[in-house]
Amino acid sequence: MHFAAIDWIIIFVYLISCVAIGLLGKKYIGNVSHYLVAGRELGTYAGIATLAATEIGTITFMYNGELGYRYGFAAFAAALISGLVMIIVGRTGLVVERFRALRLMTVPEYFERKYSRGLRLLAGILVATGGILNMGVFLKIEGEFLTIVSGIDSRYLVAVMTAILLLELVYTVVGGMVAVVITDFIQYVLLSVATILVSIYAVHHAGWDNIVNKVSSTMGSAGFDPVQNPKFGITFLIWQVLLWFSIHTCWQTTAMRVFSTKSPEISKRVMTWTGFIYLGRGMLPMLWGAAALTLFGVGAVENGVPLPVVDGQTLAPIDAMPAMLANILGPGVKGIVVAGMLAATMSVNSSYLLGWSAVISQDIILPVREQMGKPPLSSRSQIFVNRLANLFVGVFLMFWGLYYTPPGAVYLYLNITGTIYLAGTFICVIGGLYWKRANTTGGYLAMLMGAAGAIIPFFFLHWSENVTGFCAFGLAALGLVFGSLIGKRAQPLKEAP
Amino acid sequence: MNYWQIFWTAWLALAGVSFAVITGIVMVKGYKDLRSMFSGLREQRTHDHE
């Protein structure tokens, strides 16, 4: 066992207090707007904490660590783009300002306001499917991290991850967004402390000069220059810009924070400042990956990099970073770091559970009910449906998430599954907000061609992620323009009720 | 390669410092925001009941 008694005590105290505090959120839930968007009472600082905590999880540390291990400093380009794009979105208010002003609760809700109920349903199905498949890989990878760092026997991995998922479900189902915001605040503080601690430890143990020299000797200039790196290049960089614009504006869990803020102005401020956190969210774990390469990258060369060897055992590149933490952190510090990583895990999972279940209930179940001629549900009944959807997503993840292994680099898998719906959604949202002619026919074509453009090239034609990404966004844009030009005249956007 | 080394070192420093500074500010001011959120939600609930 890598864990000392003090580490276990820190973990248990954290878990119990987090769930107890999360449950306090229940007393503030009166209607569905409280449950899904915290009554739109979110201020700037709590907004930054919940947005950052939602999008920084153990999964983020793992895939960014893997990128740092495999591609060295060149991988920093992805982190730089994600942060700079978020700052631009925050400064300009692109999409987010209008989204907040429309008083939405989910992204597909916009599709009914601008296009039609049918398109909202299609968007809801694509958003929920893509989102849940995307989240599907989280549990297994997070479990791997915990197993390696804490030394828990891998036979208990399923039981441990199931227990963590159940704890998250308890407070998310009961307290909705209010519980998520409260716990996100605590979790953000913890995960940030852990991030800073690990960064100091990693550089201290590996040595800055050694890290630079190892990347240089292993990868040459491709370890620093993203244009020259065969995995990246100009097409990758441009695709990343497009992808991050779509993520920061249309990703359901990010957008829910925008919808929850007190005003459009606050939503812009939250995005701008969180953009700076996004720089560290990517670059710091990438640095840990490069440090792990320096300390353990001595195995057989695979795809241009030596595999990590720890205690005589050869590991996959993604497991090098947690193996490094298990080796360099002392008792007590390890407990704090793992509590921080657990906090990261729980904040992401609870927000994602709420985000995708909100889409299932608000954009799939409720429109279908109304289409069948049934009367609208009361606010209390809508909360009940949301809670059931939350449970459904949780149970699905328990089975899918623990057994499915993604092919290749996890970061790229997540990008592609996200692109399935992000390409069409982003193009429809941009077209709908900023182009008067965008209409329902164009919307349908954009959603379907965007999804086909991601699925067919990647899964059937085995094209690279970059080309697949371009194809998806390009086809979605083509679909919107073509459909809007041949379809009926566009209807005006329905403003907030 | 030297140019890229300097470039990434500078961005890494900026990323690390802003991460730490923003975390400090959010820790201090976020608590006040949460309290304001609670009172706003309480008001909304009272308004809903009336």
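Residues numbered from 1 in each chain as written. Chains lettered and ligands numbered in written order. Predicted model: local features only at pLDDT ≥ 70, side-chain atom pairs only at ≥ 80, totals over all residues. Heavy atoms only, no water.

**Q** Would you mind going over the sheet that holds strand β1 (residues 297–302) of chain A with me for this structure?
**A** Adjacent strands of a sheet pair through backbone hydrogen bonds, lying either parallel or antiparallel. Residue and element names in this part refer to chain A. Sheet architecture is open: 3 strands sit in the order β1-β2-β3, paired in antiparallel fashion. Edge positions in the open sheet fall to β1 and β3 (313–314), since each of these has one partner strand only. Sheet topology places β1 next to strand β2 (residues 305–310); 3 bridges connect them, and they run antiparallel. The residue bridging E302 from the neighbouring strand is V305, located in β2. Each of β1 and β2 is contacted by helix α4 (residues 58–71), which is oriented at about 120 degrees to β2, the strand it contacts most. (Pairing = 2+ DSSP bridges. Helix = DSSP H or I, 4+ residues; strand = E, 2+ residues; numbered from the N terminus. Contact = heavy atoms within 4.5 Å. Axes fitted to C-alpha atoms, helices over the stretch in contact; angles between N-to-C directions.)

**Q** In this structure, what is going on with the confidence of the model for chain B? I would like to understand it.
**A** Per-residue confidence for chain B gives a mean pLDDT of 92; residues scoring 70 or more make up 96%. In the predicted complex, the global pTM is 0.92; the interface-specific ipTM is 0.95. (pLDDT = per-residue confidence, 0-100.)

**Q** Would you mind showing me how to read the pattern of salt bridges here?
**A** For side chains bearing opposite charge, pairing can occur when the charged atoms are close. Residues and elements named next belong to chain A. A complete count under the given rule lists 10 salt bridges over all chains for this structure. Close ionic contact of R117 with E112 constitutes a salt bridge, the shortest N to O distance being 3.1 Å. For R117, a relative accessible area of 28% translates into the label partly exposed. Judged by relative accessible area, E112 falls into the buried class, the value being 18%. One salt bridge in this structure joins R120 and D363, with 2.7 Å as the shortest N-O distance. A residue pair is termed long-range when its members are at least 10 positions apart, and R120 in helix α8 (residues 117–135) and D363 in helix α16 (residues 333–371) qualify at 243 residues. (Salt bridge = Lys/Arg side-chain N within 4 Å of Asp/Glu carboxyl O. Buried < 20%, exposed > 50% of the residue type's maximum accessible area, 1.4 Å probe, protein only.)

**Q** I'm lost on the interface of chain A and chain B in this one. Help?
**A** Interfaces are often sized by the amount of accessible area the parts lose when they come together. Each partner contributes to the interface: chain A provides 49 residues, whereas chain B provides 33 residues. Across the chain A/chain B interface, buried area totals approximately 3,600 Å², and carbon plus sulfur atoms make up 78% of it. Taken together, the links from chain A to chain B amount to 0 salt bridges. Here chain A and chain B share 13 residue pairs in polar contact (both at pLDDT 80 or more) between them. (Buried area = accessible area lost by both parts, 1.4 Å probe. Polar contact = N/O pair within 3.5 Å; in protein donor to acceptor, adjacent residues only side chain to side chain.)

**Q** Where do I start with the nonpolar core in this structure?
**A** As a rule of thumb, soluble globular proteins bury nonpolar side chains together. In this structure, Y110(A) and F111(A) are the most contacted members of the largest nonpolar core, which totals 191 residues. Not counting the four nearest positions on each side in its chain, F111(A) is found in contact with S116(A), L119(A), R120(A), A123(A), T425(A), C428(A), V429(A) and M447(A). (Core = buried A, V, L, I, M, F, W, Y, C linked by side-chain atoms within 4.5 Å.)

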